Amino acid sequence: MKKRTIFFFLVSLCLVGSGIYLYGERVAHPDSHQLGPPGPDAAYPGSSGEPAPVVIYGELKKSEFIEKVEIEFWPKYLDELAKTPAPFKEVISTTKGNVFTGSAGTATFEYHSPEISAPAWISIKSWGATYFNKFLVYPGDSVRFRYDLVDGKILFAGPDALKFQCQYEINQALENWNYRKDTFLPVTKSSVILKDEKDSLEYWSLINNGSSVKRKMLLLYPDDQRLEFMKDLLEEDLFSHPGFSVLENYRNLPEEFLQLMEAQLIGSYLYRKVSIFGRLYHDDPRFAELLTTHVLPLSESHFKESTIAHSPAYLDYIFEKNTLISAIQKKPAVELYSHYSPLIRDLLYGRYMVRYYRKFKESNKSFEKALEVVETPWIAESIASLYKTQKTGEQVTDIPLRDLEGNEVSLLDYQGKTLFVDFWFSGCSACIKFYKNYLTQIEAHFEGDEEFAVVSISSDRDSRLWKKSIASGNFTSDKAINLNAPGADHPLIQYYNIQAYPTHMLINKRGEVARVGNFPTDLDQLINMLEFYKSN
């Protein structure tokens with residue numbers, strides 16, 4: 001019955017002449033036409049082939065006036081987590097709307113992007129809210145939107161309103177699909193989550209009483225229950241997803257745009273399956289069989305290269321899938337990438353490098369190997385730029401920092417000492433744990449040693465908060481060299497690509513970067529490593 005249902009669903013799509021795509025192949029539609037030549041540098045819908053900016057006029061309505069919005073614009077997208085290459089960022093001050101433009105009671109802004117000649121991605125945020133996250137835009141696109149947080153409405157108008165509305169509805173379909181699912185938590189025993197009496201009572205009350213409205217949390221143990229949950233998830237019918245109905249409603253939009261939207265939809269859907277499989281996987285022959293029968297066959301090749309290259313969600317999916325295969329089958333991830341076309345291989349390899357370079361045992365060799373393989377110029381430039389700042393053996397930058405007295409100092413000023421550098425910010429719980437579990441013992445071990453120092457660099461913008469956190473004794477101590485690099489946009493933070501906290505760096509007595517990341521998690525091994533570098 002299940003196969004028959006899927007068959008008739010697909011047939012019905014063909015009969016109505018749908019303009020949606022089925023894994024990259026468009027079902028015939030009388031208004032369909034090919035827009036531009038294939039390939040990553042083709043002309044795109046709404047584009048004459050000439051570079052053009054994207055123009056967005058926004059109206060934001062909230063009980064409190066929104067004074068600023070932040071725009072992130074990605075002409076090239078490799079990896080959001082590593083923020084390499086970094087998006088163009090712009091903070092725009094809003095103005096009060098007026099009756100003459102029909103925008104009274106709103107905060108308005110206008111944004112003109114850099115000129116682009118291919119698809120790009122844009123995010124629009126203000127403090128505490130994200131309005132659009134990585135929306136697809138084309139050269140010359142223009143749109144007006146109103147985001148009404150008072151009455152719960154989102155409205156689009158202007159030449160390219162339907163493209164934005166389509167993306168918004170697809171995102172809503174994805175969110176709603178996941179919202180309808182019960183939550184789950186992989187556990188080894190119930191006491192892991194239910195050790196608190198209040199939690200335990202609430203959980204068992206929900207299980208025993210049931211509800212047709214409320215979601216419940218499934219505690220998945222490493223047995224048949226976890227396996228069946230995963231098998232059911234992998235066997236879900238892709239085309240039952242409501243996102244395909246959204247695409248059907250917008251079938252008159254340009255072909256290239258719809259193909260990218262389908263790639264985004266399918267990539268998001270399959271990414272969820274693969275990432276959950278990675279979370280639930282454990283060493284069991286039945287999971288290995290599921291990998292072979294359900295995960296490996298998941299499709300990757302039905303879209304043309306330019307579509308995959310411009311779809312962050314689809315790239316997320318195939319990257320996650322290959323990472324999973326690499327971990328389980330003990331195959332180097334970079335070897336798996338060789339099965340793809342040169343452009344897709346380079347995108348995967350580039351993402352692998354910018355995301356995991358701090359985990360490499362010999363990062364210099366890994367960077368040099370990547371630069372031998374990667375052919376796409378902008379990806380090779382991104383890797384080379386990162387290598388320049390992360391290369392071990394290079395002299396540490398002399399970008400100035402501030403000490404507690406407000407004096408300018410640089411890391412080069414401490415040449416002659418081996419420096420263990422700890423990057424942190426106030427409120428970072430992982431930073432507190434690292435200080436309590438590691439730094440206190442490291443400081444005790446090297447106490448009185450004039451050839452070694454811990455350098456504590458905070459990215460707090462507020463110097464008063466920074467000094468208060470130092471005084472709290474939760475992040476650092478007065479034994480360390482305490483310095484401030486205020487803000488994520490500080491030149492030193494940007495130069496060394498500090499995106500996660502805490503991050504650690506080792507600088508030898510000659511003022512050279514000896515290591516960035518990839519330190520032992522065992523305290524004794526870490527101290528032995530620091531002693532080794534101090535002696536060499």
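Each value, and the rule that gives it
Residue indices begin from 1 for each chain and proceed along its sequence in written order. A pLDDT threshold of at least 70 governs which residues receive local features in this predicted model, and a stricter bar of 80 or more applies before side-chain atom pairs are shown or counted, although totals over entire chains, interfaces and linings include all residues. Just so you know, side-chain values use all the structure's heavy atoms and leave hydrogens and water out. Two strands are said to pair when DSSP picks up at least two bridges between them. Comment: elements are numbered from the N terminus, with helices defined as DSSP H or I runs of at least four residues and strands as E runs of at least two. All axes here are fitted lines through C-alpha atoms, helices being fitted over the stretch that makes contact, and every angle between N-to-C directions spans 0 to 180 degrees. These descriptions rest on fixed angle ranges, namely under 35 degrees for roughly parallel, over 145 for roughly antiparallel, 65 to 115 for roughly perpendicular, and the rest for oblique. Contacts are assigned to residue pairs that have any heavy atoms within 4.5 Å of one another. Amino acid classes used here: Ala, Val, Leu, Ile, Met, Phe, Trp, Tyr, Cys and Pro are nonpolar; Asp, Glu, Lys and Arg are charged; the rest, including Gly, are polar. Between buried and exposed lies partly exposed: a residue is buried under 20% and exposed over 50% of the maximum accessible area for its type, with that area taken using a 1.4 Å probe on protein chains only. Only a pair of cysteine sulfur atoms within 2.5 Å counts as a disulfide in this structure description. Taking the helix axis as origin, the arc is that swept by the directions to the C-beta atoms. Each Phe, Tyr or Trp ring, with Trp reduced to its six-membered ring, pairs with another whose centre is within 6.5 Å; inter-plane angles below 30 degrees give stacked pairs, above 60 give edge-to-face pairs, and intermediate values give tilted ones. We count a charge as sitting over a ring when the NZ of a lysine or the CZ of an arginine lies within 6 Å of the ring centre and within 35 degrees of the ring normal. Whenever a carboxyl oxygen of Asp or Glu lies within 4 Å of a side-chain nitrogen of Lys or Arg, that contact is scored as a salt bridge. Think of a polar contact as two N or O atoms within 3.5 Å of one another; within protein, one of them needs to be a possible hydrogen donor and the other a possible acceptor, and neighboring residues in sequence only count if both atoms come from side chains. Multiplying 1.5 Å by the helix residue count minus one yields the expected span of that helix.

Could you clarify how one ought to interpret the sheet that holds strand β8 (residues 120–126) in this entry?
Think of a sheet as strands paired side by side through backbone hydrogen bonds, with each pair either parallel or antiparallel. The strand order across the open sheet formed by 4 strands is β5-β4-β8-β9, and the pairing between neighbours is antiparallel. Looking along the sheet, the strands with just one partner apiece sit at the ends: β5 (88–93) and β9 (129–137). Neighbour-to-neighbour, the strand axes of this sheet turn through a mean angle of 15°, independent of strand direction. Pairing of β8 with β9 involves 6 bridges; the strand directions are antiparallel. Residue pairing in the sheet places Ser126 in a bridge with Ala129 of β9.

Help me understand the packing of helix α5 (residues 224–234) against helix α8 (residues 285–295), please; the structure alone is not making it clear to me.
The angle between the axes and the distance between the axes are what describe a pair of packed helices. Relative orientation of the contacting elements α5 and α8 amounts to 0°, with a least axis distance of 11 Å. Taken together, the axes of α5 and α8 lie roughly parallel to each other. Across the interface between the two elements, Asp224, Arg226, Leu227, Met230, Lys231 and Leu234 from α5 touch Arg286, Phe287, Leu290, His294 and Val295 from α8. Taken together, the residues of the contact of α5 with α8 sort by class into 6 nonpolar, 1 polar and 4 charged.

Could you clarify how one ought to interpret the environment of His241 in this entry?
By the element assignment, His241 lies in the loop between α5 and α6 (243–249). Given a relative accessible area of 2%, His241 falls into the buried group. Measuring from C-alpha to C-alpha, the distance between His241 and Ile266 comes to 9.4 Å, with 25 residues separating the pair along the chain. Leave out the neighbours within four places in its chain, and His241 touches Ala173, Leu174, Trp177, Leu265 and Tyr269.

Just to check I follow, could you spell out the state of the cysteines for this structure?
Covalent bonding between the sulfur atoms of two cysteines defines a disulfide. Per the counting criterion, the structure on display carries 1 disulfide. Note that Cys428 is cross-linked by a disulfide to Cys431, the S-S spacing being 2.4 Å. Across the disulfide from Cys428 to Cys431, rotation about the S-S bond amounts to roughly 80°, and the bridge is consequently right-handed.

Please clarify how the sheet that holds strand β10 (residues 142–148) should be interpreted in this entry.
Here 5 strands make up an open sheet; going across it, the order is β6-β7-β3-β10-β11 and the pairing mixed. Of all strands in the sheet, those with a lone pairing partner are β6 (95–96) and β11 (153–157), marking the two edges. Its contacts with the sheet put helix α2 (residues 161–179) on β3 (55–61), β10 and β11, and the angle it makes with β11 is roughly 150°.

When you look at unusual backbone geometry in this model, what are you seeing that I'm missing?
Most of the time, phi is negative for any residue but glycine, and the peptide bond is trans. Looking along the chain, the bond that leaves Tyr501 and enters Pro502 is cis, with omega of -5°. For Pro502, the location among the structural elements is in the loop between α17 (491–495) and β19 (503–507). For Lys134, which is not a glycine, the phi torsion comes out positive at approximately 50°. Along the chain, Lys134 falls in strand β9. In this model, Lys330 sits at a positive phi of 60°, which is unusual for a non-glycine residue. Assignment of secondary structure puts Lys330 in the loop between α10 (312–329) and α11 (333–337).

What is the right way to read helix α13 (residues 363–373) from this model?
An α-helix turns once every 3.6 residues. As a result, residues three or four positions apart point the same way. Ser363, Asn364, Phe367 and Ala370 are the residues of α13 that are buried. Taken end-on, α13 shows its buried residues confined to a sector of 130°, consistent with a single buried face. Exposed side of α13, more than 90 degrees from the buried face: Lys365 and Glu372 are the residues found there. Looking at the buried positions of α13, the neighbouring elements they touch are α12 (342–356) and α14 (377–390).

For this particular structure, what's the right way to read the side chain of Ser410?
In this fold, Ser410 is placed in the loop between β15 (408–409) and β16 (418–424). Once you skip the residues sitting within four places of it in the chain, Ser410 turns out to touch Asp398 and Ile399.

Just to check I follow, could you spell out the pairing of strand β20 (residues 513–516) for this structure?
Residues in a regular strand point their side chains to alternate faces of the sheet. Relative to β20, β19 runs antiparallel, the two being bridged by 3 bridges. By the bridge assignment for β20, Met505 is matched with Val516. From the end of β19 to the start of β20, which pair antiparallel, there are 5 residues, and Gly511 there has a positive phi angle of about 80°.

Help me understand the packing of aromatic side chains, please; the structure alone is not making it clear to me.
Working definition: an aromatic ring pair is given by the centre-to-centre distance plus the angle between the planes. Overall, the coordinates contain 38 aromatic pairs when judged by the stated rule. Each ring, one from Tyr314 and one from Tyr317, has its centre 5.5 Å from the other, and the planes form 75°; the classification is edge-to-face. Taken together, the residues Tyr314 and Tyr317, both in helix α10 and 3 residues apart, mark about one turn of the helix. By the burial criterion, Tyr314 is buried, and Tyr317 matches it. Within the aromatic cluster, the residues linked to one another by ring pairs are Phe109, Tyr131, Phe132, Phe135, Phe145, Tyr147, Phe156, Phe164 and Tyr168. Geometry around Phe519 places Arg515 over its ring, the cationic atom sitting 6.0 Å from the centre.

What is the right way to read the pattern of salt bridges from this model?
Two side chains bearing opposite charge may form a pair once their charged atoms approach each other closely. Per the stated rule, a full pass over the model turns up 25 salt bridges. Between Arg351 and Asp79 there is a salt bridge, with its nearest N and O atoms 3.9 Å apart. Residue Arg351 is located in helix α12, and its partner Asp79 is located in the loop between β4 (68–74) and β5; the two are separated by 272 residues in the primary sequence. Here Arg351 matches Asp79 in class, with each residue buried. One salt bridge connects Glu531 with Lys534, and the closest N-O pair in it is separated by 3.8 Å. Taken as a pair, Glu531 and Lys534 lie in helix α18 (residues 523–534) at a separation of 3 residues, close to a single helical turn. Three or more residues are tied together by salt bridges with common partners; here these are Asp79, Asp316, Arg351 and Arg355.

What should I look at first to understand the environment of Thr94 in this one?
Within the element layout of this structure, Thr94 appears in the loop between β5 and β6. Residue classification places Thr94 among the buried residues on the basis of a relative accessible area of 11%. Setting aside residues no more than four positions away along its own chain, Thr94 makes contact with Phe65, Ile66, Glu67, Lys68, Val69, Ala107, Thr108 and Phe109. A polar contact is formed between the side chain of Thr94 and the backbone oxygen of Ile66, at a distance of 2.5 Å.

Just checking my understanding: could you explain α10 for this structure?
When the terminal C-alpha atoms of α10 are compared, their 25 Å separation across 18 residues agrees well with the 26 Å that a helix rising 1.5 Å per residue should span. Of the residues making up α10, those classed as buried are Pro312, Ala313, Tyr314, Leu315, Tyr317, Ile318, Phe319, Lys321, Asn322, Leu324, Ile325 and Ser326. Phi turns positive one or two residues past the end of α10, at Lys330, with a value near 60°.

Looking at this structure, I do not really get the side chain of Thr397. What am I missing?
Within the fold, Thr397 resides in the loop between α14 and β14 (401–403). Within the structure, Thr397 has its side chain in polar contact with the backbone nitrogen of Ile399 (distance 3.2 Å). Contacts of Thr397, omitting those with residues within four sequence positions, involve Leu411, Leu412, Leu492, Tyr495 and Tyr496.

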